[in-house]
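# Structural characterization, general
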Amino acid sequence: MHHPQRRPHSAPSFVRPLMASLALAFAAAVAHAAPVADVHALAQKEQQPLLDTLRDLVHIESGSKDIEGLNQIAERIASQLKQLGGTVDVLQTSDIYRLDDTPEKVGPAVQAVFKGTGSKKIMLIAHMDTVYLKGMLKGQPFRIDGDKAYGLGISDDKQGIALIIHTVALLQKLNFKDYGTLTVLINGDEEISSPGWRSTITRVASDQDVVLSFEGGGTDGTLRLATSGIGAAYITVQGKASHAGAKPEDGVNALYELSHQLLQMKDLSKTDEGLKLNWTVAKAGTNRNVIPAEATAQADARALKVADFDGLEKALQDKIKTKLIPASKVDVKFEVRRPPLEASEASRRVAGYGKVIYQELGLPLSVVEKATGGGTDAAFAALKTKGAVVEGMGLSGYGAHSNDAEYVQINTIVPRLYLATRMVMDISKGVLK
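In short, a report on the structure. (Residues numbered from 1 in each chain as written. Predicted model: local features only at pLDDT ≥ 70, side-chain atom pairs only at ≥ 80, totals over all residues. Heavy atoms only, no water.)

This next bit is on the overall build of the protein chain. If you tally the helices and strands in the protein chain, you get 11 helices and 16 strands. By principal-axis analysis of the C-alpha atoms, the protein chain measures approximately 120 × 55 × 40 Å. Looking at the protein chain as a whole, 51% of its 433 residues qualify as buried. Considering only contacts in the protein chain between residues 6 or more positions apart, those separated by 24 or more positions represent 81%. Per element, the accessible surface of the protein chain, about 20600 Å² overall, is 53% carbon and sulfur. Measuring between centres, the 50 positive side-chain charges of the protein chain sit 5 Å from its 49 negative side-chain charges. (Helix = DSSP H or I, 4+ residues; strand = E, 2+ residues; numbered from the N terminus. Buried < 20%, exposed > 50% of the residue type's maximum accessible area, 1.4 Å probe, protein only. Contact = heavy atoms within 4.5 Å. Areas by Shrake-Rupley, 256 points an atom, 1.4 Å probe, with all protein chains shown as cover. Lys, Arg positive; Asp, Glu negative; His and termini not counted. Charge placed at Lys NZ, Arg CZ, Asp CG, Glu CD.)

In structure tokens form, the structure reads like this:
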């Protein structure tokens, strides 16, 4: 049936404000789904300056034991951070946690503090030392090949330093100062388990709201909320030498005692809980016909919880009290080379917000809450803080610790600059609670 055309009625007055608010909310949602234009535009302009910084950092060799090179790269980093308006110090340490392989001297750290007008405390960390020996640069200089930038130490972790510097530069260009403090800490001994700077990292991080660590994001840019803890155990057995043929009974066989100790410690692993202890190196004796007076062994330990290392150390000390040869002397030393990083609710919230930021760019972002590899300085940052600690903020890349294939993906520079800048801005403004 055909109805005569009726004149449309305007919405009742009480509905109009509701419709208007819904329209605004929809518009805001649409706007939020797109990149923040000025941040994204500046990130694009910052790509080439970042590559220039990366080139300069790669061309300064900075192995963990190359103190001259580390001092040189520290001054280079400090100079750029000073130009950006930070209060900058090149620090030397005397508070060294002596590990089995700690050198007499360790490299410096660079600390920069930018004071803002807000209340949030945000910390950005990376490291400037590499695993390479002096002279290896000539075989792996900085070069760009297609969508990859190659270079000695470029992925681990000179890209992290460059990203931090140019994130700070972006914030400056945006005239953004809504944070309380923005602290940058770049250390020079991460590759040897941070013996000189672990306590500083823990102390400075302890009252931060958020710590972002700029180790590489792997091949796919994954953010990591947990890393394995790395420990080492050392057993030393003192016995007594004697002639193995003529008077073996006069000796105290350190090798027998060491064997006993290792066998009674073989079940200390709790694999289902991520705690692992494996004896990997042993040494005993000097001659075939001499009862060995000393024997030593080393073990590799891994854990997913800080408390597990404490429990393991106690178990080791308890075990050595039971000896095969009472006259032998047995000592065990346990060192935490790097504690585990455990995921927290605060870290989950910050990393989850990173996914939202990446969606604005139309990109996926993975977040991993289970430890998948070796430890990083993020674990030291997390020891005493209640704030979020997120690892893997760096560029995607591959080949860390390799001789001729270390690279970063150039097409991840703009997204990572955008991610880091937006995180600092939105955390500072209280958008992310």
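Anyway, onward from the coordinates.
Take the packing of helix α3 (residues 47-58) against helix α4 (residues 67-83) next. Remark: α3 packs on α4, axes separated minimally by 10 Å, with the N-to-C direction vectors making an angle of 155°. One element, α3, and the other, α4, form an angle in the roughly antiparallel class. At the point where α3 passes α4, the crossing takes the right-handed sense. Across the interface between the two elements, Thr-53, Asp-56 and Leu-57 from α3 touch Ile-73, Arg-76, Ile-77 and Gln-80 from α4. (Axes fitted to C-alpha atoms, helices over the stretch in contact; angles between N-to-C directions. Parallel < 35°, antiparallel > 145°, perpendicular 65-115°, else oblique. Left-handed = near helix turned anticlockwise from the far one by under 90°.)

In this section: the pattern of salt bridges. This structure, assessed with the given rule, holds 21 salt bridges. A salt bridge links Asp-56 to Arg-76; its shortest N-O distance comes to 2.8 Å. Pair noted here: Asp-56 is in helix α3 and Arg-76 is in helix α4, with a separation of 20 residues, a long-range link. Owing to a relative accessible area of 26%, Asp-56 belongs among the partly exposed residues under this scheme. The class for Arg-76 is partly exposed, based on a relative accessible area of 22%. Residue Asp-66 pairs with Lys-134 through a salt bridge whose shortest N-O separation is 3.3 Å. Here Asp-66 is found in the loop between α3 and α4, whereas its partner Lys-134 is found in the loop between β3 (121-127) and β4 (143-145), with 68 residues between them in sequence. By relative accessible area, which is 12% here, Asp-66 ends up buried. Lys-134 gets classed as exposed once you look at its relative accessible area, which sits at 56%. Residues joined by salt bridges that share partners form a network here, namely Asp-52, Arg-55, Asp-56 and Arg-76. (Salt bridge = Lys/Arg side-chain N within 4 Å of Asp/Glu carboxyl O.)

Right, let's get into the side chain of Thr-183. Within the fold, Thr-183 resides in strand β6 (residues 181-187). Exposure remark for Thr-183: the relative accessible area of 5% places this residue in the buried category.

What follows covers the sheet that holds strand β16 (residues 407-409). Think of a sheet as strands paired side by side through backbone hydrogen bonds, with each pair either parallel or antiparallel. Pairing in this open sheet of four strands is antiparallel, and the strands run β4-β5-β16-β15 from one edge to the other. Of all strands in the sheet, those bounded by a partner on one side alone are β4 and β15 (397-398). Looking at chain direction, β4 and strand β5 (residues 148-150) are connected through three bridges and run antiparallel. Directly across from Arg-143, in β5, lies its bridge partner Tyr-150. (Pairing = 2+ DSSP bridges.)

Further remarks concern unusual backbone geometry. Omega for the bond connecting Asp-156 with Asp-157 falls within 30 degrees of zero, at 15°, which places this linkage in the cis form. The topology assignment puts Asp-157 in helix α5 (residues 154-173). Located in the positive-phi region is Ser-193, a residue other than glycine, with phi close to 75°. Turning to its location among the elements, Ser-193 is positioned in the loop between β6 and α6 (198-205). By relative accessible area, Ser-193 is classed as buried at 9%. With a phi angle near 55°, Ser-194 is a residue other than glycine that sits in the positive phi range. You can see Ser-194 is positioned in the loop between β6 and α6. With relative accessibility at 0%, the residue Ser-194 sits in the buried group.

Further remarks concern the side chain of His-166. Mapped onto the elements, His-166 comes out in helix α5. Assessed through its relative accessible area of 5%, His-166 is described here as buried. One polar contact links the side chain of His-166 to the main-chain carbonyl oxygen of Pro-49, over a distance of 3.4 Å. Setting aside anything within four residues of it in sequence, one finds His-166 in contact with Glu-46, Pro-49, Leu-50, Thr-53, Gln-80 and Leu-417. (Polar contact = N/O pair within 3.5 Å; in protein donor to acceptor, adjacent residues only side chain to side chain.)

On to the environment of Glu-369, then. Position of Glu-369 among the secondary structure elements: in the loop between β13 (367-368) and α10 (378-382). With a relative accessible area of 39%, Glu-369 lands in the partly exposed category. Sequence spacing of Glu-369 and Phe-380 is 11 residues, and the spatial spacing of their C-alpha atoms is 17 Å. Apart from the residues lying within four places of it in its own chain, the contact partners of Glu-369 are Leu-225, Ala-226, Ala-343 and Arg-348.

What follows deals with the packing of aromatic side chains. All told, the structure shown has four aromatic pairs when counted by the stated rule. The interplanar angle of 55° and the centroid separation of 5.4 Å between the aromatic rings of Tyr-150 and Tyr-407 together place this pair among those described as tilted. Here the residue Tyr-150 occupies a position in strand β5, and Tyr-407 occupies one in strand β16, the gap between them amounting to 257 residues. We classify Tyr-150 as buried; its relative accessible area is 15%. Take Tyr-407: its relative accessible area is 15%, and that puts it in the buried class. Over the face of the ring belonging to Tyr-150 we find Arg-143, whose NZ or CZ atom lies 4.1 Å from the ring centre. The side chain of Lys-148 reaches across the aromatic face of Tyr-407, ending 5.2 Å from its centre. (Phe/Tyr/Trp six-rings, centres within 6.5 Å; stacked < 30°, edge-to-face > 60°. Lys NZ or Arg CZ within 6 Å of the ring centre and 35° of its normal.)

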